[in-house]
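# Summary of structural features
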Amino acid sequence: MQTISTTQTIRPAKNLHGSFRVPGDKSISHRYAMLAGLAKGTSRLYNFSTGADPHSTLGCMVTLGAKVNTQSDGTIEVTGVGGAFERPVGQLDCGNSGSTMRMLSGLIASHPHVFTLIGDESLTRRPMERIRKPLSQMGARIDLTEGHAPVTIFGTPLKAIDFATPIPSAQVKTAILFAGLQAEGVTSISESVRTRDHSEHALRAFGAELTRTADKITIAGGQTLTGIDVAVPGDISSAAFFLCAALLFPDSNLVFDGLGMNPTRAALLDVLTGIGLKVKVLNLEEKHGEMVGTIQVNRVQGGLKGADISGALTAQLIDELPVIAAIAPYTQEGIRIRDAQELRVKESDRIALVAKNLKAMGAEFEEFEDGLHIPGNQKLHGARIETGHDHRIAMAFSVAALRAEGETIIQNAEVASVSFPEFYTLLDNLAER
């Protein structure tokens, strides 16, 4: 069914104030849904992401034989296949979700069926060769279309490998771990830059054993998983838009309840603290390996500093870079982003779209193949924002619009529902005008 294109008008705000909870973490929801689908028994997933992407993953689990029920309170119940996916009737539709397509490929590659994974136009443009290489080394046969989806997997028994990831990617790491869980032997993965470790925590939560040294993860094949009851922490990537918005106003005061505080995602808070965000941790606890907390954020006195984001830090912040770039003109020292070539092959060319929309709002900047340099002490004006059907671009420039002069129109605003359907309502509720 064709989605009706909508626009959203963002008016300038004077302040942000309130206490709230962001939806369940998208990355964790994907992983819990996949492992629950493979496991034996029934899992109950509380605070599951409301975004469209993880629900694409749930749809694929149903196609593979798992049973998925949504309770009246939003709890997702998944009864798994007990280690043996069924032959799918039809294709596995991953929607807009690269996470679904890449990680699911590893999960299903050892099962004795033919699987075809498809997605929307945006997903069909994203690179899939990065998962074919390691999975092929394990014995999988995977056909791509000029390096992209549709992806056809001819399931076959897999053997363990020792793999060094050439590009920091939690999705690639996860595909290998999921395949290694079902392969013959012990699979190991080496990372030059440590990526988010939600998969390691999720696998342990469902009963798998794996080990981690400074730069290597190992997992033995032949392990079985058992369903669990688990709450998904609030999504810090969704929170990033409101954390950055809080920086725009001297008297902002926001409280985030039940927020995921995983150390491999903490780089965001470190960078924003350096720019001028004041963070107070009100509560912190561990749940199934994931740190979950309540935090209060304000802006420090004085103007906003800048930031220089490159190297390993860029990889850790890859999803949050668009909104950091969008608020860069309001800082005193500006923000420089390099080593971010990966942004060119996300849901859109995010570097190009950030540049285009900054220009539309009157900002000066310098664009590089791998990033941007955006000077500070600039004023922005309202504009029509071209989202490129990219949820993070839509939300990033909604935040920038809060301090702009005049109204800003977000085109194709409905794309925010890919990860954060409640975004505009929440933004409007928190903004004081």
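This write-up is about the structure you can find in this document. For clarity, every value in this text was computed on a predicted model and none was experimentally measured.

## Here's the deal with the overall build of the protein
For the protein, the helix and strand inventory stands at 14 helices and 24 strands. Against the 2.2 N^0.38 benchmark of 22 Å for 433 residues, the protein shows a C-alpha radius of gyration of 21 Å, consistent with a compact globule. Each principal axis of the C-alpha atoms in the protein carries an extent, and together these give about 60 × 45 × 45 Å. Residues counted as buried form 59% of the 433 residues belonging to the protein. For the protein, long-range pairs separated by at least 24 residues make up 75% of all intrachain contacts whose partners lie at least 6 apart in sequence. As presented, the protein carries roughly 16500 Å² of accessible surface, and 48% of it is formed by carbon and sulfur atoms. Charge-centre separation for the protein: the mean point of 41 positive side chains lies 1 Å from the mean point of 47 negative side chains.

## A closer look at the nonpolar core
Ranked by size, the top nonpolar core spans 80 residues in total, and within it F242, L243, F256 and F397 carry the most contacts. Ranked by residues supplied to this core, first place goes to helix 8 (residues 236-246) with nine residues. Sequence-distant contacts of F256, defined by excluding residues within four places in its chain, comprise F20, A239, F242, L243, G293, T294, I295 and V297. Among the nonpolar cores identified, the runner-up in size contains 64 residues, and M34, M61, M101 and I217 belong to it.

## Topic: helix 5 (residues 129-137)
Three or more residues of helix 5 are buried, namely R130, I131, P134 and L135. Seen along its axis, helix 5 keeps its buried residues to an arc of 115°; they face one direction. Its buried side turned inward, helix 5 meets helix 3 (98-108), strand 8 (141-145), strand 10 (162-164) and helix 6 (170-180). G139 occupies a position one or two residues after helix 5 and carries a positive phi of about 110°.

## What about the sheet that holds strand 15 (residues 253-260)?
One open sheet holds the five strands; their spatial order is 16-17-15-2-24, and the pairing between them is mixed. Since the sheet does not close on itself, it has two edges, and those belong to strand 16 (277-287) and strand 24 (431-432), each with one partner. Here strand 2 (residues 15-20) pairs with strand 15 via four bridges, running parallel. Looking at the pairing, G18 lines up with L254 of strand 15. Strand contacts of helix 8: strand 2, strand 15, strand 16 and strand 17 (290-299), with the helix running at about 165° to strand 15, the strand carrying the most contacts. The sheet contacts of helix 14 (residues 423-430) involve strand 2, strand 15 and strand 24, and relative to strand 2 the element is tilted by about 115°.

## Overview of the packing of helix 2 (residues 52-63) against helix 3
Running from amino to carboxyl end, helix 2 crosses helix 3 at an angle of 30°, the nearest separation of the two axes being 10 Å. Classified by the angle their axes make, helix 2 and helix 3 are roughly parallel. Here the hand of the crossing between helix 2 and helix 3 comes out right-handed. Of the residues in helix 3, those in contact with D53, S56, T57, C60 and M61 of helix 2 are T100, L104 and L107. Per-class residue counts for the contact of helix 2 with helix 3 are four nonpolar, three polar and one charged.

## Description of the pattern of salt bridges
By the definition in use, this model includes 27 salt bridges. Across the pair E121 and R125 runs a salt bridge, and its minimum N-O distance is 3.7 Å. Here E191 and R212 are joined by a salt bridge, their closest N and O atoms 3.2 Å apart. Separated by 21 residues along the polypeptide, E191 in the loop between strand 11 (186-190) and helix 7 (198-205) and R212 in strand 12 (residues 210-212) bring together distant segments of the chain. Owing to a relative accessible area of 22%, R212 belongs among the partly exposed residues under this scheme. Each of K173, E191, E200 and R212 takes part in one network of salt bridges that share partners.

## Let's talk about the state of the cysteines
Chemically, a disulfide is nothing more than a covalent bond linking the sulfur atoms of two cysteines. Applying the stated criterion to the full structure yields zero disulfides. Left unpaired, C60 is separated from the closest cysteine sulfur, that of C94, by 4.4 Å.

## Here's the deal with the packing of aromatic side chains
By the definition in use, this model includes eight aromatic pairs. Through a chain of ring-to-ring contacts, the aromatic side chains of F20, F241, F242, F256, F420, F423 and Y424 assemble into a single cluster. Between the NZ or CZ atom of R141 and the centre of the ring of F154, over which it lies, the distance is 3.9 Å. In this structure, R338 packs its charged tip against the face of F368, placed 3.9 Å from the ring centre.

## A few points about the environment of N283
Relative to the assigned elements, N283 resides in strand 16. Taking the C-alpha atoms as reference, N283 lies 8.9 Å from G258; in sequence the two are 25 residues apart. If we ignore the near neighbours within four places in the chain, the residues touching N283 are V292, G293 and T294.

The rules behind the values
Residues numbered from 1 in each chain as written. Predicted model: local features only at pLDDT ≥ 70, side-chain atom pairs only at ≥ 80, totals over all residues. Heavy atoms only, no water. Helix = DSSP H or I, 4+ residues; strand = E, 2+ residues; numbered from the N terminus. Rg over C-alpha atoms; globule rule 2.2 N^0.38 Å. Buried < 20%, exposed > 50% of the residue type's maximum accessible area, 1.4 Å probe, protein only. Contact = heavy atoms within 4.5 Å. Areas by Shrake-Rupley, 256 points an atom, 1.4 Å probe, with all protein chains shown as cover. Lys, Arg positive; Asp, Glu negative; His and termini not counted. Charge placed at Lys NZ, Arg CZ, Asp CG, Glu CD. Core = buried A, V, L, I, M, F, W, Y, C linked by side-chain atoms within 4.5 Å. Arc of directions from axis to C-beta. Pairing = 2+ DSSP bridges. Axes fitted to C-alpha atoms, helices over the stretch in contact; angles between N-to-C directions. Parallel < 35°, antiparallel > 145°, perpendicular 65-115°, else oblique. Left-handed = near helix turned anticlockwise from the far one by under 90°. Nonpolar A, V, L, I, M, F, W, Y, C, P; charged D, E, K, R; others polar. Salt bridge = Lys/Arg side-chain N within 4 Å of Asp/Glu carboxyl O. Disulfide = S-S within 2.5 Å. Phe/Tyr/Trp six-rings, centres within 6.5 Å; stacked < 30°, edge-to-face > 60°. Lys NZ or Arg CZ within 6 Å of the ring centre and 35° of its normal.

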